[in-house]
Amino acid sequence: MPYRRGGSNPLSRTNLNMRAINHSLTGALIGLSVVNPLIAIPVAFFSHYLLDVIPHFSKEKIDSLEFDIFLIIDALLCFILVIFLIINRPLNWQLAIACAFIAASPDFLSINHYLKEKRNKPWKAGLYSRFASKIQWFEKPIGIVVEIVWLLAFTFCISFFINR
Ligand SMILES: [Zn+2]
């Protein structure tokens, strides 16, 4: 069966994640507040799955242009967060950056899915993808409200660590 672009692939899933910037903000806050890397790093890692369980935004198919645009904006926001931490250097800023990266990193495991969809190749969900999709039980456009509130709340909390 041929796969066409633009979300017409019936197997094409919608975005399967809370936005990377929200994962990164959460990780950064964990790094800033937990301080001990032996605790902060595993907590940051597990925060990823906790966030994915929380209702979040999804609308676009993974093989759509819309998905790519969201991906670029998301990556840009993560980049801004890192630059922000480097410039302001709050206490434990290095750990904050490491935790931000670790908290977002499990989504790199989906890169194979993304590339397959891009090349219109059939993709079969492996064990991990099925797990990742199962825990993300609520992915709807209305989830954007949760994501925006999360973004503002965590940005607000992180700002408390600046200039201390
Ligand atoms: Zn995820």
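Residues numbered from 1 in each chain as written. Predicted model: local features only at pLDDT ≥ 70, side-chain atom pairs only at ≥ 80, totals over all residues.

Colleague: Any chance you could explain the overall build of the protein here in plain terms?
Modeller: Within the protein one finds 7 helices and 0 strands. Walking the protein from its N terminus toward its C terminus, one meets helices and strands in the order α-α-α-α-α-α-α. Within the span of the protein, comprising 164 residues, buried residues form 32% of the whole. In the protein, 84% of the contacts between residues at least 6 apart in sequence involve partners at least 24 apart. (Helix = DSSP H or I, 4+ residues; strand = E, 2+ residues; numbered from the N terminus. Buried ≥ 20, exposed ≤ 12 C-beta atoms within 10 Å, placed from the backbone. Contact = placed C-beta atoms within 7 Å.)

Colleague: What's the story with the packing of helix α1 (residues 20-34) against helix α4 (residues 93-104) in this structure? I'm lost.
Modeller: Between α1 and α4, the shortest axis-to-axis distance is 7 Å and the interhelical angle comes to 140°. When the axes of α1 and α4 are compared, the pair comes out oblique. The crossing of α1 and α4 is right-handed. Each of A20, H23, S24, T26, G27, A28, I30, G31 and L32 in α1 lies in contact with α4, whose residues at this interface are L95, A96, A98, C99, A100, I102, A103 and A104. (Axes fitted to C-alpha atoms, helices over the stretch in contact; angles between N-to-C directions. Parallel < 35°, antiparallel > 145°, perpendicular 65-115°, else oblique. Left-handed = near helix turned anticlockwise from the far one by under 90°.)

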